[in-house]
Amino acid sequence: MTGSEVPPSFRLAYVPGMTPTKWVRIWNERLAGVPLILVAVTAAEAADALRDGDADAALLRLPVDRADLSAIPLYTETTVVVIPKDHVGAAVEELSVADLADEVVLHPLDDTLEWERPPGRPAFERPATTADAVELVAAGVGLLVVPQSLARLYHRKDLTYRPLTAPDEEPSAAGPESALSGPSVPGSRVALSWPEARTTDLVEEFIGIVRGRTVNSTRGPKKAPVAQEAAGRSTRGGGARGASAGGSKSGGTKSGGAKGGGPRSGARSGGAKGGARTGGGTGAGGGRSAKGAKGGRSTGGGKGSGKGTAKRGRPGRAS
């Protein structure tokens, strides 16, 4: 940690499609004195922004190089197909990879999905960016498979999107070890990443926010445990003082003759309310204690007499 070198602000980079609004709001509520600055970067620029010190942390899509960057996976996005609204696929709730077999599927250079084998037929030329690919879909050149957040980001009135599902895993005639009828559908994994060598207190604060930790959690403000320890000492001190006082309930109970002590021990604690209830209760030669009596009058046989003298008590048996 480098908590002694707290920067004046916290810079959070994010790639297209990310919406850190909720986490920014929580940050502003908890750390109002430390501005959070959002830094928009492309998917290809995110890792370099962390290494070059342009951002303290980043919301990006995996994978990242773990040699010098730490990462916490947050969630996996749904993969969807962007299609024109008048496409036949718009009539169904979802599309399968098999449904794209005869379609031209655009594969932009900044694609973040890790395909083993992209679905459909490849386009003559790969678009440079996802934004360019969306324009080509609107022009009727082909379809586009992207994470759902990007489909929302580049939404157009003449386009829509449908979730993409994998084909049924049915073995072919070649046997169960043969390839399936189509490629599987990868999901886009979103993560919070930061330089491992710069895991500052502010980075830890943001990690706690994205993980849903409350202010009073174990990684909350560092002053909280100190306050709890002080409160514990105060409680223990109060209990000790109470135990030493002769008129306290707890003190009287512990010092009375409840555990078979002699009549003298019961008489000594009779001045406390607690002692009145327990003094001489099972002492030798003593009668049973009275309920609610005050003072030494309730102790059974203050000097070991054979008869109990407490009010409402039953006569004791002579030893």
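Residues numbered from 1 in each chain as written. Predicted model: local features only at pLDDT ≥ 70, side-chain atom pairs only at ≥ 80, totals over all residues. Heavy atoms only, no water.

**Student:** Which parts of the structure should I look at to understand the layout of surface pockets?
**Tutor:** One simple way to see leftover space: roll a probe sized like a water molecule over the atoms. Considered as a void within the structure, the largest pocket measures approximately 400 Å³ in volume. Surrounding the largest pocket, 21 residues form its lining, Thr42, Ala43, Ala44, Asp110 and Thr112 being those nearest its centre. Mapped onto the lining of the largest pocket, the elements with two or more residues apiece are helix H2 (46-51), strand S3 (57-61) and helix H3 (130-138). When its residues are assigned to classes, the lining of the largest pocket shows 13 nonpolar, four polar and four charged. (1 Å grid on protein atoms, 1.4 Å probe; cavity = no way out; pocket = protein on both sides within 12 Å on 5 of 7 lines; lining within 4 Å. Points joined across faces, edges and corners; volume = space filled by probe spheres on them. Helix = DSSP H or I, 4+ residues; strand = E, 2+ residues; numbered from the N terminus. Nonpolar A, V, L, I, M, F, W, Y, C, P; charged D, E, K, R; others polar.)

**Student:** I keep staring at the sheet that holds strand S1 (residues 10-14) and nothing clicks. Help me out?
**Tutor:** Think of a sheet as strands paired side by side through backbone hydrogen bonds, with each pair either parallel or antiparallel. Reading across from one edge, S2-S1-S3-S11-S4 is the order of the five strands in this open sheet, with mixed pairing throughout. Strands at the two margins of the open sheet, each flanked by one partner only, are strand S2 (36-40) and strand S4 (69-77). When the angles between neighbouring strand axes are averaged without regard to direction, this sheet yields 20 degrees. In terms of strand pairing, S1 meets S2 through five bridges, oriented parallel. Along S2, the bridge assignment pairs Arg11 with Ile37. On top of the sheet, helix H1 (residues 21-30) reaches S1, S2, S3 and S4; it is set at about 160 degrees to S2, its chief contact. Relative to strand S11 (residues 188-195), helix H5 (residues 201-210) is tilted by about 160 degrees, and along the sheet it contacts S1, S2, S4 and S11. (Pairing = 2+ DSSP bridges. Axes fitted to C-alpha atoms, helices over the stretch in contact; angles between N-to-C directions. Contact = heavy atoms within 4.5 Å.)

**Student:** How should I be thinking about the nonpolar core in this particular structure?
**Tutor:** General note: in soluble globular proteins, nonpolar side chains tend to be found buried as a group. Membership of the largest hydrophobic core comes to 37 residues, with the highest contact counts inside it found for Phe10, Leu12, Trp27, Leu60, Leu192 and Phe206. Within the residue set of this core, elements represented by two or more residues are S1, H1, H2, S3, S4, S11 and H5. The leading source of residues in this core is H5, at six residues. Apart from the residues within four sequence positions on either side, Leu12 is in contact with Pro20, Leu36, Ile37, Leu38, Val39, Ala57, Ala58, Leu59, Leu192 and Phe206. (Core = buried A, V, L, I, M, F, W, Y, C linked by side-chain atoms within 4.5 Å. Buried < 20%, exposed > 50% of the residue type's maximum accessible area, 1.4 Å probe, protein only.)

**Student:** Honestly, the side chain of Arg162 in this entry has me stumped. Any pointers?
**Tutor:** Take Arg162: it is sitting in strand S10 (residues 159-165). Glu93 provides the closest opposite charge to the buried, salt-bridge-free Arg162, at an N-O distance of 8.3 Å. (Lys, Arg positive; Asp, Glu negative; His and termini not counted. Salt bridge = Lys/Arg side-chain N within 4 Å of Asp/Glu carboxyl O.)

**Student:** Is there a simple way to explain the packing of aromatic side chains in this structure?
**Tutor:** Here the distance between the centres and the angle between the planes together describe a pair of aromatic rings. Throughout the structure, instances matching the rule amount to three aromatic pairs. A ring pair is formed by Phe10 and Trp27, whose centres lie 4.9 Å apart and whose planes are at 25 degrees; its orientation type is stacked. Placement of Phe10 in strand S1 and of Trp27 in helix H1 is noted, with a sequence separation of 17 residues between them. Comparing Phe10 with Trp27 shows no difference in burial state: the two are buried. (Phe/Tyr/Trp six-rings, centres within 6.5 Å; stacked < 30°, edge-to-face > 60°.)

Honestly, it's all geometry; don't read function into it.
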